[in-house]
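Observations on the three-dimensional arrangement
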Amino acid sequence: MKQTMGGFLISQIKQIQGRVFEKLLLQAGIREFNGAQGRILFVLWKEDGLSAVELSRRTGLAKTTLTSMLDRMEKKGHILREFDKDDRRRIRIRLTDKARVMEKQYEEVSMEMNYLFYKGFSDEEIVSFEDRLMRILKNLEEEESK
């Protein structure tokens, strides 16, 4: 196989996407959190009360990075850390009411980002593209877990 550029292109997309998303957040007047913190909130809006380990897995953030971000989010009043009722060694991350009210506004920015991401793609192309990305992600997760 000839030299490929998939990993390089994904890295560039991630960098540019992050900058564009930050810009869209600011244009929407969202200054309470940044794009990376928004990823954490997004996961918690879908399922509140996850452990830090599960939150790390679902966001793709390293545990050390996640911990420092959670510290900042807790100081801003977006999340609470609570001991698990069944296992006090485990801490659950819960959203505050302050964070819950931002979901709709964040969703609107996400929809705009989604439009920019897939502008000019057919529905079939989007499904095919995302299927391939999921395969790449699965391959990398398998390697990481070895």
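These remarks concern the structure in this document. In this text, all values refer to a predicted model and were calculated from it rather than measured experimentally. (Residues numbered from 1 in each chain as written. Predicted model: local features only at pLDDT ≥ 70, side-chain atom pairs only at ≥ 80, totals over all residues. Heavy atoms only, no water.)

So, the packing of aromatic side chains
One pass over the full model with this rule turns up seven aromatic pairs. Considering the side-chain rings of Phe33 and Tyr106, the 5.7 Å spacing of their centres and the 50° angle between planes classify their relative orientation as tilted. Of this pair, Phe33 sits in the loop between α1 (6–27) and α2 (35–46) while Tyr106 sits in helix α6 (residues 103–118); the two residues are 73 residues apart in sequence, bridging distant segments of the chain. Of the two residues, Phe33 and Tyr106, neither departs from the other in class, the shared state being buried. Ring geometry for Tyr118 against Phe129: centres 6.3 Å apart, planes inclined by 75°, an arrangement best described as edge-to-face. Taken together, the positions of Tyr118 in helix α6 and Phe129 in helix α7 (residues 123–144) put the pair eleven residues apart, joining distant regions of the chain. Classification of Tyr118 as buried rests on a relative accessible area of 10%. (Phe/Tyr/Trp six-rings, centres within 6.5 Å; stacked < 30°, edge-to-face > 60°. Helix = DSSP H or I, 4+ residues; strand = E, 2+ residues; numbered from the N terminus. Buried < 20%, exposed > 50% of the residue type's maximum accessible area, 1.4 Å probe, protein only.)

A few points about the sheet that holds strand β2 (residues 79–83)
The strand order across the open sheet built from three strands is β1-β3-β2, with neighbouring strands paired in antiparallel fashion. Bordering the open sheet on either side are β1 (50–51) and β2, each of which pairs with just one other strand. When β1 meets strand β3 (residues 91–95), the two strands line up antiparallel, connected through two bridges. Bridge pairing in β3 places Leu50 opposite Ile93. The strands touched by α2 are β1, β2 and β3; relative to β3, the strand with the most contacts, the crossing angle is about 95°. Sheet strands touched by helix α4 (residues 63–75): β2 and β3. Its angle to β2, the strand with the most contacts, is close to 110°. (Pairing = 2+ DSSP bridges. Contact = heavy atoms within 4.5 Å. Axes fitted to C-alpha atoms, helices over the stretch in contact; angles between N-to-C directions.)

Examining helix α3 (residues 52–59)
The α-helix winds at 3.6 residues per turn, so residues separated by three or four positions along the chain end up facing the same way. Taken together, the buried positions of α3 are Leu55, Ser56 and Thr59. On an axial view of α3, the arc spanned by its buried residues comes to 100°, and they lie on one face. Facing away from the buried side of α3, by more than 90 degrees, are the exposed residues Val53 and Arg57. Tucked into the core, α3 has its buried residues touching α2, β1, α4 and β3. Phi for Gly60, located one or two positions after α3, is positive at around 80°. (Arc of directions from axis to C-beta.)

So, the pairing of β3
Sheet analysis places β2 next to β3, joined by five bridges and oriented antiparallel. Each residue of the ladder has a partner; that of Ile79, found in β3, is Leu95.

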